[in-house]
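# Analysis of the macromolecular model
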Amino acid sequence: MTSERKQILDMLAAGKITADEAEQLLQLTSKVSSGSSDASAPPAVIVKIRNPRFIRIIVEPNSQTIGNQAQHHVNIRVPLKIVRAGVNLASLIPNDAGHMVQNSLLNKGFKSDLSKLDATALDELIEALQELSIDATVDNHLVKVFVE
Amino acid sequence: MIPPMVMWFKVQWFGIWVPLFLLWPIILVFLAIMLPLIFIGMVIAGRVSRFWVVIRIVLAAYSTICAARGLRIDIHKEQTVFEIYIP
C-alpha cells in the first residue's frame, strides 16, 4: 500500500473525509501512480475540499409541485470569514451583556452556550462544516444546505 | 482587508446600490474625533486599561464588516422580494 493510499484511508477512518471523497482521492492517486507524473505531489482535490468559503442555503420550489401553492425562492450565501469575525467580536462582549444575550437566545428556543465557542472550537466547527451537505424537501420545496 | 465599497439592497420594487465608500471617510473622521475623547474620559475615570478593549472592539467590528464581502441574501416569496448583495 502506497503512503498516499494509507493517508487517505487514515483520513476516512478519522472521519475527516467522506467515503465518496475517499473514493475520488483513491481514483486520483491510482491515476497519478499509473501515469508518468510526479506521484509524490498531493492530489489537487484536497485543496478544494479544505478551503470552503461560503455556506449556501437554497430553497427552490419542487418541479413536481402541482397546484397554486405559494412558491418561495431563497438563495443565501454567507462567507465563513464572517463567522470567525463574529465570534471574535462576540468574545469582546462583557460578561453581563453576554448573559443577557444568552438569556434572550434561550427565550427564543436557541439552547446553546455561545460563550463556550472560542477560536479552537470554531475551527473544529468549520472543519466539520466542510462535509456539510443537506438535501431536504419541506412543504413542496427543495432545501439545500452546503458549503462551497 | 478592504471594506465593501458598495451594497445592493432591494425591497419589493425598490432597489439601490448603496455607496458604502462614501460612509467610510465619515466613520473614520468620527472615530478620529471620538477615540481621543473616550481616552480622556477613561483617564479621568481611572480606567485606562478599558480603552484597549474599545480599540479591540473597533478593530473586530472593522474585520467583521470586511468579512461581509460576498454575502448574498435573495428571498422571493410570492409578491415579496428582499435582496442584499455585498460584492
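Residues numbered from 1 in each chain as written. Chains lettered and ligands numbered in written order. Predicted model: local features only at pLDDT ≥ 70, side-chain atom pairs only at ≥ 80, totals over all residues. Heavy atoms only, no water.

Residues and elements named next belong to chain A. By the element assignment, Phe 54 lies in strand 1 (residues 54-61). For Phe 54, a relative accessible area of 10% corresponds to the buried category. Note: C-alpha distance between Phe 54 and Ile 82 (28 residues apart in sequence) is 9.5 Å. (Helix = DSSP H or I, 4+ residues; strand = E, 2+ residues; numbered from the N terminus. Buried < 20%, exposed > 50% of the residue type's maximum accessible area, 1.4 Å probe, protein only.)

Before going further, it helps to spend a moment on the pattern of salt bridges. Residues and elements named next belong to chain B. Going through the model one piece at a time under the given rule, you end up with two salt bridges over all chains. Asp 74 is the salt-bridge partner of Arg 72, the closest N and O atoms lying 3.2 Å from each other. When its relative accessible area of 29% is taken as the criterion, Arg 72 is described as partly exposed. (Salt bridge = Lys/Arg side-chain N within 4 Å of Asp/Glu carboxyl O.)

The tally for this structure, following the rule as stated, stands at five aromatic pairs over all chains. With 6.0 Å between their ring centres and 90° between their planes, Phe 9 of chain B and Phe 82 of chain B make a pair best called edge-to-face. Here the residue Phe 9 of chain B occupies a position in strand 1 (residues 6-11), and Phe 82 of chain B occupies one in strand 4 (residues 80-85), the gap between them amounting to 73 residues. Taking 4.9 Å as the distance between ring centres and 70° as the angle between the ring planes, the aromatic pair formed by Phe 39 of chain B and Phe 51 of chain B counts as edge-to-face. Of the two residues, Phe 39 of chain B is situated in helix 1 (residues 23-45) and Phe 51 of chain B in helix 2 (residues 49-67); the sequence distance between them amounts to twelve residues. Relative accessible area serves as the criterion here: at 8%, Phe 51 of chain B is assigned to the buried category. Aromatic rings pair up to connect Phe 39, Phe 51 and Trp 52 of chain B into one cluster. Looking at Arg 77 of chain A, its charged tip hangs above the ring of Phe 54 of chain A, at a distance of 4.5 Å from the centre. The ring centre of Tyr 85 of chain B lies 4.3 Å from the NZ or CZ of Arg 72 of chain B, which sits over that ring. (Phe/Tyr/Trp six-rings, centres within 6.5 Å; stacked < 30°, edge-to-face > 60°. Lys NZ or Arg CZ within 6 Å of the ring centre and 35° of its normal.)

Here the focus is helix 6 (residues 119-129) of chain A. Residues and elements named next belong to chain A. Those residues of helix 6 lying buried are Leu 122, Ile 126 and Leu 129. Summarising the axial view, the buried residues of helix 6 lie within an arc of 55°, below the 170-degree limit, and thus occupy one face. Of the exposed residues in helix 6, the ones pointing more than 90 degrees away from its buried face are Thr 120 and Glu 124. Turning to helix 6, the residues buried within the fold contact strand 1, helix 4 (80-91) and strand 4 (141-147). (Arc of directions from axis to C-beta. Contact = heavy atoms within 4.5 Å.)

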